[in-house]
Amino acid sequence: MILVRFTSADGGRVTEVQAHHGARLLDIAQTAGQPLEGTCGGQLACATCHLILSPESFAALPRPSAEEEDMLDFAPGARATSRLACQITLPATLDRLEAHIPPA
Ligand code: FES
């Protein structure tokens, strides 16, 4: 199991959940009540699943694809450690992941 911690955009609320390896981060976030629309259902066409990862979590995951990086250009408030949650499958090598909800 992987501990996934979501921090709200204002930093005031932290939600922690346990997730299985192989689960998709967007599904975990939505199940945990996080405000990620995921409008396109993972087709890399909306960027409404944007999360900002901690530097440690970003480094622990495989690099984003060129298509994901292109779509992140459209994500408001994107930073160097931004990812699209629909593109992240939790790897067996991970035991925790930290993500911040971007500012609206
Ligand atoms: S759900 Fe649309 S890009 Fe991730």
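Residues numbered from 1 in each chain as written. Predicted model: local features only at pLDDT ≥ 70, side-chain atom pairs only at ≥ 80, totals over all residues. Heavy atoms only, no water.

(A) Just the sheet that holds strand β1 (residues 2–7), in detail. With mixed pairing, the 5 strands of this open sheet are ordered in space as β2-β1-β5-β3-β4. Looking along the sheet, the strands with just one partner apiece sit at the ends: β2 (14–19) and β4 (82–84). Direction aside, neighbouring strands of the sheet carry axes that sit 35° apart on average. Pairing of strand β3 (residues 50–53) with β4 involves 3 bridges; the strand directions are antiparallel. Bridge pairing in β4 places I52 opposite S82. (Pairing = 2+ DSSP bridges. Helix = DSSP H or I, 4+ residues; strand = E, 2+ residues; numbered from the N terminus. Axes fitted to C-alpha atoms, helices over the stretch in contact; angles between N-to-C directions.)

(B) Structural view of the pattern of salt bridges. Counting across every chain of the model gives 5 salt bridges. The shortest N-O distance in the salt bridge between R5 and E16 comes to 2.5 Å. With R5 in strand β1 and E16 in strand β2, the pair connects residues that are 11 residues apart, well separated along the chain. Take R5: its relative accessible area is 27%, and that puts it in the partly exposed class. A salt bridge links R63 to E69; the shortest N-O distance between them is 3.5 Å. Under the relative-accessibility criterion, R63 is labelled exposed at 60%. (Salt bridge = Lys/Arg side-chain N within 4 Å of Asp/Glu carboxyl O. Buried < 20%, exposed > 50% of the residue type's maximum accessible area, 1.4 Å probe, protein only.)

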